[in-house]
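Structural description and commentary
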Amino acid sequence: MVYGGLTSVFTPNYCRFWYMPRERLLETVAQATADQLIFGLDFPYNQEENTKLAITTLNELGLPQEQLAKILGGICARRWG
């Protein structure tokens, strides 16, 4: 299985080439599904304020709680925990 990391895609000025606006994030979740997306792979590389922005952005996408929980660590816990 292939997984996609969603850690450094939330800040347009920090990693502008990787930045994904809201619409692209939603499309990524729709295409890859929450079963293949993982948040936090770059930790502790990112600065605290960028990590907070990322978590806020994920929470504001309007995803069902089950999908959000998978992205925020549920898949890792289930697969490798």
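Everything quoted here is computed from the prediction, not taken from an experiment.

**Section: the overall build of the protein chain**
The secondary structure content of the protein chain amounts to 3 helices and 2 strands. Its helices and strands in sequence order give the protein chain the pattern β-α-β-α-α, from N to C terminus. Its C-alpha atoms give the protein chain principal-axis dimensions of about 35 × 25 × 20 Å. Here the protein chain holds 81 residues, and 30% of them are scored as buried. When contacts within the protein chain are restricted to residue pairs at least 6 apart in sequence, those whose partners lie at least 24 apart make up 71%. Split by element, the accessible area of the protein chain, about 5,500 Å² in all, is 53% carbon and sulfur. Of the charged side chains in the protein chain, 7 are positive and 8 negative, and the gap between their average positions amounts to 4 Å.

**Let's talk about the packing of aromatic side chains**
Under the definition given, this model contains 2 aromatic pairs. Judged by centre distance (5.3 Å) and plane angle (65°), the rings of Y3 and W80 are edge-to-face. One end of the pair, Y3, is in the segment before β1 (4-5); the other, W80, is in helix α3 (residues 65-80), and 77 residues separate them in sequence. In this structure Y3 comes out as partly exposed when scored by relative accessible area, which is 23%. According to the relative accessible area criterion, W80 is exposed, its value standing at 53%. With a centroid separation of 6.1 Å and 65° between ring planes, the pair formed by F10 and F39 is classed as edge-to-face. Here F39 lies in the loop between β2 (37-38) and α2 (48-59) and F10 lies in the loop between β1 and α1 (22-32), a separation of 29 residues in the sequence. Like F10, the residue F39 is buried in the burial classification.

**Description of the nonpolar core**
In this structure, L6, V9, F10, L25, F39, L58 and I71 are the most contacted members of the largest nonpolar core, which totals 15 residues. For this core, the elements supplying multiple residues, two or more each, are α1, α2 and α3. Ignoring anything within four residues of it in the chain, the contact list for F39 reads L6, T7, F10, T51, A54, I55, L58, I71 and L72.

Thresholds applied
Residues numbered from 1 in each chain as written. Predicted model: local features only at pLDDT ≥ 70, side-chain atom pairs only at ≥ 80, totals over all residues. Heavy atoms only, no water. Helix = DSSP H or I, 4+ residues; strand = E, 2+ residues; numbered from the N terminus. Buried < 20%, exposed > 50% of the residue type's maximum accessible area, 1.4 Å probe, protein only. Contact = heavy atoms within 4.5 Å. Areas by Shrake-Rupley, 256 points an atom, 1.4 Å probe, with all protein chains shown as cover. Lys, Arg positive; Asp, Glu negative; His and termini not counted. Charge placed at Lys NZ, Arg CZ, Asp CG, Glu CD. Phe/Tyr/Trp six-rings, centres within 6.5 Å; stacked < 30°, edge-to-face > 60°. Core = buried A, V, L, I, M, F, W, Y, C linked by side-chain atoms within 4.5 Å.

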